[in-house]
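Read off the chains here:
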Amino acid sequence: MLTTISMSAIATNGVVPAGGSYFMISRSLGPEFGGAVGLCFYLGTTFAGAMYILGAIEILLTYIVPQAAIFYPSGAHDASSAMLNNMRVYGTVFLILMAVVVFVGVKYVNKFASLFLACVVISILSIYAGAIKSIFDPPEFPICMLGNRTLIRDQFDVCAKTIIKDNITVASKLWENFCHNTNLTTENCDEYFLLNNVTEIAGIPGAASGILKDNLWSNYLEKGEILEKAHHPSVDVAGQKSNFHLYVLSDISTSFMVLVGIFFPSVTGIMAGSNRSGDLKDAQKSIPVGTILAIVTTSLVYFSCVLLFGACIEGVVLRDKYGDAVNKNLVVGTLSWPSPWVIVIGSFFSTCGAGLQSLTGAPRLLQAIAKDNIIPFLWVFGHGKANGEPTWALLLTALIAELGILIASLDMVAPILSMFFLMCYLFVNLACAVQTLLRTPNWRPRFKYYHWALSFLGMSICLALMFISSWYYALVAMLIAGMIYKYIEYQGAEKEWGDGIRGLSLSAARYALLRLEEGPPHTKNWRPQLLVLLKLDEDLHVKYPRLLTFASQLKAGKGLTIIGSVIQGNFLETYGEAQAAEQTIKNMMDIEKVKGFCQVVVANKVREGIAHLIQSCGLGGMKHNTVVLGWPYGWRQSEDPRSWKTFIGEERVFWWQTIIFYLGNLFPQVLI
């Protein structure tokens, strides 16, 4: 919500064409930040599309048509790899179909979006209906417990140690698993199995059961830890580790921040509207209103569903990631009313819709970056069909998404996505805060409910979440962004968008100059501040370029360098020459690697121009304290008998003006 407030302020400050978040950041913080964050956000959006497609395939093969699987496990431990291979094959097929739909046109994507939205709304309503129904008629959903430990249901048929068969008590499948015999002898039995009872409890006891008080507090597990029901009768003995595969185990070590990293991509849709800003009729109105209402709606749905699940579903079932305790049945589907298929179909279409939206927004984001030409090798992706559809960008997006599908593991993809999204949110907040604090004249958002403190709070939370959730993923994401930033800076993105970083530089320079005026510099802080007087020939070329090298060596990279020159004539008539001369000197400074400033003065006499330069160059405390000028070359052979007099006159003027100018200053120096 904090990021949305910042984004709304930026979006209503002017026209937001295609590019969304990239456009906002680049126009507020400059092309380097905009390109680095925009490209990372593009990668995040593209991989998010792959993640949504993988989610749809997992639902399809697990709950809708399991018989459609191409690969089957050859052993008990090959189930995971077989599922991943199936997801890779079907994910590639789905990706191609979605890319074709996006290629045909965005209007078809919008038509599909209406269908997907209807499925999502119906699914959510069915959950609420099922939760209400569970108050007086909870569904039959038993789970089998040994003591307080949860058992994997597909390892046995009857939840009991023994069964009655033909009026004879015989060992159950559960007895065979723990005692490795069928004659009811206990010599080889698991101690925990012998000392604890087998019971069957309701997996969904219903909203009136009071289970909420047991589920209210956190219960994080380490990898390989058995799922246990607190306060359930149990004899506390370890049992045989060789039988631990019969219990439901935690597959990863969990903590609050680990789960935030996995869950966070489900709340990254706030940029969906801004990513397609070029397709919106009135982006300034649609982005703030649509995004804020979407966040409020989805937050209410998320919070209410969390409370409903905690009030209706047994805790061990909630923590059973793969549904091993319930024969891999869909728990939310069992809770919903009137049928589990409502949830299954709704989940499938909603993940397909999310993937389709990502494949629609990501190419437009890449196209906007390519059109600005801040990353030269991406220029080809700025082109598309005659109607502006980003064909080449869509092709690259599909190829990158295919890499995510080949990875196939959702838990491996999700954390790095969270970093890219958090980084984008961080810089959106930073952009709003910088523009607000600088009070630039063009900062007049129509959205008034923002404040720089809210933006800084959002930025701080984003940065903290990045490092708390996964510091190494955060460093990787920042390293990628930093490399892109330096590349854009190295390429010299000559874009002047009136960004906040330039405004921040001006404010910092003003503050520093005012501080320098507070008193004379201390001896320890003295630096050579050079005014180098250059002579230009008739073609406005620098006559003695080595004077620049000499000046650079004198100050050894420290202090200030001002390169000055005088053009004789009338200012109005020779203004163009002065501009050309200034550009020539700047080019020569680049060649000689001299860092500094250039100033060209037009005067009726050269002597007057030099006097003006000596008196007026610099600003505040950043004035020259040393003048460098070349000795006249060949003055004895000059046809002009006054050339040596001009030099002597310059010298006298220079001496007297320097004495007056530096009276009271430290270290007045003259180099001739």
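Residues numbered from 1 in each chain as written. Predicted model: local features only at pLDDT ≥ 70, side-chain atom pairs only at ≥ 80, totals over all residues. Heavy atoms only, no water.

Chemist: Quick rundown of the packing of aromatic side chains? Include the residues and the values.
Modeler: Applying the stated criterion to the full structure yields 19 aromatic pairs. Pairing Phe94 with Phe348 gives two aromatic rings, centres 6.0 Å apart and planes at 80°, and the pair type is edge-to-face. With a gap of 254 residues between them, Phe94 in helix H4 (residues 79–104) and Phe348 in helix H14 (residues 340–371) connect regions that are remote in the sequence. Pairing Trp443 with Tyr450 gives two aromatic rings, centres 5.9 Å apart and planes at 80°, and the pair type is edge-to-face. (Phe/Tyr/Trp six-rings, centres within 6.5 Å; stacked < 30°, edge-to-face > 60°. Helix = DSSP H or I, 4+ residues; strand = E, 2+ residues; numbered from the N terminus.)

Chemist: An account of the UniProt feature "transmembrane region" (unreviewed entry) in the chain is requested, with residue identities and associated values reported.
Modeler: Mapped onto the present numbering, the UniProt feature "transmembrane region" (unreviewed entry) falls at residues 41–66, 87–106, 112–131, 246–267, 287–313, 392–410, 416–437 and 449–466. Along residues 87–106 the backbone is 95% helical and 0% strand, and the end-to-end C-alpha distance reaches 27 Å. When the span residues 416–437 is considered, its composition is 100% helix and 0% strand, and the gap between its end C-alpha atoms is 32 Å. (UniProt positions renumbered as here; feature names shortened; annotations may be inferred.)

Chemist: Go over the sheet that holds strand S9 (residues 626–629) with me, naming the residues and quoting the values.
Modeler: Two strands in a sheet stick together by hydrogen bonds in their backbones, pointing the same way (parallel) or opposite ways (antiparallel). Within the open sheet, the 4 strands sit side by side as S8-S7-S6-S9. Their pairing is parallel. The outermost strands of the open sheet, each flanked by one partner alone, are strand S8 (597–603) and S9. In this sheet, adjacent strand axes meet at a mean angle of 25° when their direction is disregarded. Looking at chain direction, strand S6 (residues 529–533) and S9 are connected through 4 bridges and run parallel. Within S9, the position partnered with Val532 by the bridge is Val628. Contacting strand S7 (560–568) and S8, helix H20 (residues 571–591) crosses the sheet at an angle of about 155° to S8. (Pairing = 2+ DSSP bridges. Axes fitted to C-alpha atoms, helices over the stretch in contact; angles between N-to-C directions. Contact = heavy atoms within 4.5 Å.)

Chemist: Please set out helix H3 (residues 31–64) residue by residue, giving values where relevant.
Modeler: Because an α-helix completes one turn every 3.6 residues, residues spaced three or four positions apart along the sequence face the same direction. Over its 34 residues, H3 extends 47 Å from the first C-alpha to the last, a length consistent with the 50 Å expected when each residue adds 1.5 Å. The buried fraction of H3 amounts to 29 of the 34 residues, a majority that puts the element mostly inside the structure. (Expected span 1.5 Å × (residues − 1). Buried < 20%, exposed > 50% of the residue type's maximum accessible area, 1.4 Å probe, protein only.)

Chemist: Describe the packing of H3 against helix H15 (residues 391–407), with residues and values.
Modeler: One way to put it is that H3 packs onto H15 with a least axis distance of 8 Å and a crossing angle of 55°. By the criterion of interaxial angle, the relationship of H3 to H15 is oblique. Handedness of the crossing formed by H3 with H15: right-handed. On H15, the residues touching Tyr42, Leu43, Thr46, Phe47, Ala50, Ile53 and Leu54 of H3 are Ala393, Leu396, Thr397, Ile400, Ala401, Leu403, Gly404 and Ile405. When its residues are assigned to classes, the contact of H3 with H15 shows 12 nonpolar, 3 polar and no charged. (Parallel < 35°, antiparallel > 145°, perpendicular 65-115°, else oblique. Left-handed = near helix turned anticlockwise from the far one by under 90°. Nonpolar A, V, L, I, M, F, W, Y, C, P; charged D, E, K, R; others polar.)

Chemist: How would you explain empty space enclosed by the protein if you had to name every residue and give the values?
Modeler: Inspection of every chain in the model, using the stated rule, returns 2 cavities of 30 Å³ or more. Reported here for the second largest cavity is a volume of approximately 30 Å³. If you trace the second largest cavity, you find it lined by Val102, Phe103, Lys385, Glu389, Pro390, Thr391 and Leu394. Those elements that place two or more of their residues in the lining of the second largest cavity are H4 and H15. When grouped by side-chain class, the residues that make up the lining of the second largest cavity number 4 nonpolar, 1 polar and 2 charged. (1 Å grid on protein atoms, 1.4 Å probe; cavity = no way out; pocket = protein on both sides within 12 Å on 5 of 7 lines; lining within 4 Å. Points joined across faces, edges and corners; volume = space filled by probe spheres on them.)

Chemist: Give a description of the confidence of the model for the chain that names residues and reports values.
Modeler: Put simply, the chain has an average pLDDT of 83, and 89% of its residues get 70 or more. Scored below 50 in pLDDT, residues 656–672 makes 35 contacts in the model with residues more than four places away or belonging to other chains. (pLDDT = per-residue confidence, 0-100.)

Chemist: Tell me what's going on with the side chain of Arg153, and back it up with residues and numbers.
Modeler: By the element assignment, Arg153 lies in the loop between strand S2 (149–150) and strand S3 (162–165). Residue Arg153 is classed as buried on the basis of its relative accessible area, which comes to 13%. Look past the residues within four positions of Arg153 in its chain and what remains in contact with it is Pro142, Ile143, Cys144, Cys159, Glu200, Asp324, Ala325, Val326 and Asn327.

Chemist: Break down the sheet that holds strand S5 (residues 198–202) for me, with residues and values.
Modeler: With antiparallel pairing, 3 strands are arranged side by side in an open sheet as S2-S1-S5. Edge positions in the sheet fall to S2 and S5, since each of these pairs with one other strand and no more. In this sheet, S5 lies alongside strand S1 (residues 142–146) in antiparallel orientation, the contact comprising 5 bridges. The partner of Pro142 across the bridge, within S5, is Ala202.

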